[in-house]
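If you want the building blocks of each chain, they are given just below.
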Amino acid sequence: MPSFDDSDFGAPIQPIISKDLSRVKTTESNGERRGSTLGISLPIPIEGRRDSVEVPATRSSIADASPYMHQLSMDDRPGAKDRRGSRNSFGASLPIPKSKRQSRLSSVAYSSGNVSGRPSGFPSQPTREILASQVQDMAGEKVTAAKDMAFVFDIDGVLVHGDRLIPEGQRALEILNGDNELGIKVPHIFLTNGSGKPEQARIDQLSKILHQPISMEQFIQSHTPMRALSEYYSTVLVVGGEGYRCREVAEEYGFKDIVVPNDIVAWDPTIAPYRVFTDAERSTSNPRDFSQINIEAIMVFSDSRDYATDMQIIMDLLRSENGRLHTVAKDPISQRIPIYFSQGDLLCPTEHPNPRMSQGAFRIGLEAMYKALTGVDLERVVYGKPELATYKYADSVLENWMDIIHNDERLPKNIYMVGDNPGSDIVGGNSYGWNTCLVRTGVFQGGENDGENPANFGVFANVLEAVKTAMKKELGQDFDFDWDDERVNPLRAGKDVSAVAVE
Ligand code: G3P
Ligand code: MG
């Protein structure tokens, strides 16, 4: 089933005035279009109907660098202010996949110790599901409420810190996976700005840390919606991540011809004069004559591991004639290829005492260089939280997940976003009309609430407190966060097997 209504197609792009992003409609994806909300993008032809939908950008497509620059700008050059956006750039819209994700239940990652191999996360007890369904049959209202609420979890700073478990995260997921008085699964998905490896690899890692099953069908990382871009571009430069993991990601997303910076350095080492290129890197790269190849778009999927090389290559491409290296465009703007970033976080908490620079810092550096070299602001597209397109995609994933766990493909009414970063998780959730819970286990270390982007449902010591408070609100203050086998199993309780006791 499509994740979007037919009415989502053909709706004109509207400037986003309200902060309530949930009301923003998606734009058409067939035929020629692209009136920019910001008046900078020129139309580009779209051939045929695609399996994607374009969502208006909620952040400006123009570089953020200016406020950080001092006397670098060449804005005063004649004509510079009148330059228009790249003819190739999406500018004001972000394509996301529109169709139901491929159901791959085999892709559920099980936590170690779950020998039953079932996605519920319950220990192996053959009568458990039968008992749970009997309990649920007798608790109609609570069951309805449990299916009408959902959680969207940020990952870093909420459930884990890198490879380290936040213990309350495991317990919260156990409850939602059925360790509760109803034995019911409460819908939840994961929405992270993390990146850099295929979804399945990240899920396997997380599931192992959290000791809970996680499915591909409930998981979104920053570049997951960028799968839609494979319908628009054939030859792309993919930047960031460890080794060649992001090449793998791009292959999985269906990009046909993937170039990574190492392929370019192997072809022409002079392009990155300070790079020490090892034999191992040379042997694993895929050099071609890039002076004869048009790279159609740049995809920054994850954090750069070599700013100098990556920035040089990106800048060369942005200033080239339609993405052909060794050329410099006469008009760098009209011949500029588009550039996409998977997320915009400036900083990221790590093991280091102070947060480290993330993709947003890399992007601002590039934007500043581009402006200094060309005199105009770089037009670019940034995915990830708090971008509307990412939240719309999350809706479609949640609907699909409801179908998988409750055979009921719809969006629950009461959605709770649990995050640690007011600047992405909370502002995005607030704008999208979700309930937002800010936790103190990650980026946010402030007082009562965040001053700029306060969480509307509250601030909690950790994710478990947030989950319990939300569940009590929806399911009653007396809701029990344990599945009690003794209470509901007539055999164990020594009761008459014909009468299943439910209190
Ligand atoms: O900022 C990079 C990333 O690690 C953030 O992840 O899960 O907090 O969105 P998350
Ligand atoms: Mg986080």
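Residues numbered from 1 in each chain as written. Chains lettered and ligands numbered in written order. Predicted model: local features only at pLDDT ≥ 70, side-chain atom pairs only at ≥ 80, totals over all residues. Heavy atoms only, no water.

Looking now at the site of ligand 1. All residues in the neighbourhood of ligand 1 are listed as Asp154, Ile155, Asp156, Thr192, Asn193, Gly194, Gln343, Asp345, Cys348, Ser358 and Lys385. Side-chain polar atom of Thr192 to an oxygen atom of ligand 1: 2.6 Å apart, as the coordinates give it. A distance of 2.7 Å separates an oxygen atom of ligand 1 from a polar backbone atom of Asn193. Burial of ligand 1 by the surrounding chains reaches 90%, relative to a free accessible area of 310 Å². For the shell around ligand 1, the residue count by class is two nonpolar, five polar and four charged. (Near = heavy atom within 4 Å. Polar contact = N/O pair within 3.5 Å; in protein donor to acceptor, adjacent residues only side chain to side chain. Areas by Shrake-Rupley, 256 points an atom, 1.4 Å probe, with all protein chains shown as cover. Nonpolar A, V, L, I, M, F, W, Y, C, P; charged D, E, K, R; others polar.)

Those donors, Asp154 (OD), Asp156 (O) and Asp420 (OD), are the protein atoms that reach the magnesium ion (ligand 2), and they lie 2.1 to 2.2 Å from it. We note that the donor set of the magnesium ion (ligand 2) lies within a single chain, spaced as D-x1-D-x263-D. Pair noted here: Asp156 is in the loop between β3 (149–153) and β4 (160–161) and Asp420 is in the loop between β15 (414–419) and α11 (422–431), with a separation of 264 residues, a long-range link. (Donors = N, O, S within 2.8 Å, 3.2 Å for Na, K, Ca; no water. Helix = DSSP H or I, 4+ residues; strand = E, 2+ residues; numbered from the N terminus.)

The two faces of a sheet get side chains in turn, since along a regular strand they alternate between them. Counting buried positions along strand β16 (residues 435–439) gives four out of five residues, so the element sits mostly inside the fold. Both β15 and β16 contribute to a ladder of four bridges, which runs parallel. Along β16, the bridge assignment pairs Val418 with Cys437. Two elements, β16 and strand β17 (residues 458–460), share three bridges in a ladder whose sense is parallel. In the strand pairing of β17, Val439 is matched with Phe460. (Buried < 20%, exposed > 50% of the residue type's maximum accessible area, 1.4 Å probe, protein only. Pairing = 2+ DSSP bridges.)

Moving on, we come to the packing of aromatic side chains. As enumerated under the stated definition, the model contains 14 aromatic pairs in all. Both rings, one in Tyr340 and one in Tyr383, keep their centres 6.5 Å apart while their planes meet at 45°; by these two values the pair is tilted. With Tyr340 in strand β11 (residues 339–341) and Tyr383 in the loop between β14 (381–382) and α10 (388–406), this residue pair connects regions lying 43 residues apart in the sequence. With a relative accessible area of 0%, Tyr340 lands in the buried category. Overall, Tyr383 belongs to the buried group, its relative accessible area being 1%. With a centroid separation of 5.8 Å and an interplanar angle of 50°, the aromatic rings of Tyr391 and Tyr432 are classed as tilted. In this pair, Tyr391 is assigned in helix α10 and Tyr432 in the loop between α11 and β16, connecting sequence segments 41 residues apart. The buried category is assigned to Tyr391, whose relative accessible area is 1%. Taking relative accessible area as the criterion, Tyr432 reaches 6% and is therefore assigned buried. Clustering of aromatic rings is evident, with ring pairs tying together Phe151, Phe153, Phe190, Tyr416, Phe457 and Phe460. (Phe/Tyr/Trp six-rings, centres within 6.5 Å; stacked < 30°, edge-to-face > 60°.)

Of note, the amide linkage connecting Lys385 to Pro386 takes the cis form, showing an omega dihedral of 5°. Turning to its location among the elements, Pro386 is positioned in the loop between β14 and α10. The backbone of His211 shows a phi angle near 55°, a positive value even though the residue is not glycine. Assignment of secondary structure puts His211 in the loop between α4 (199–210) and β7 (219–220).

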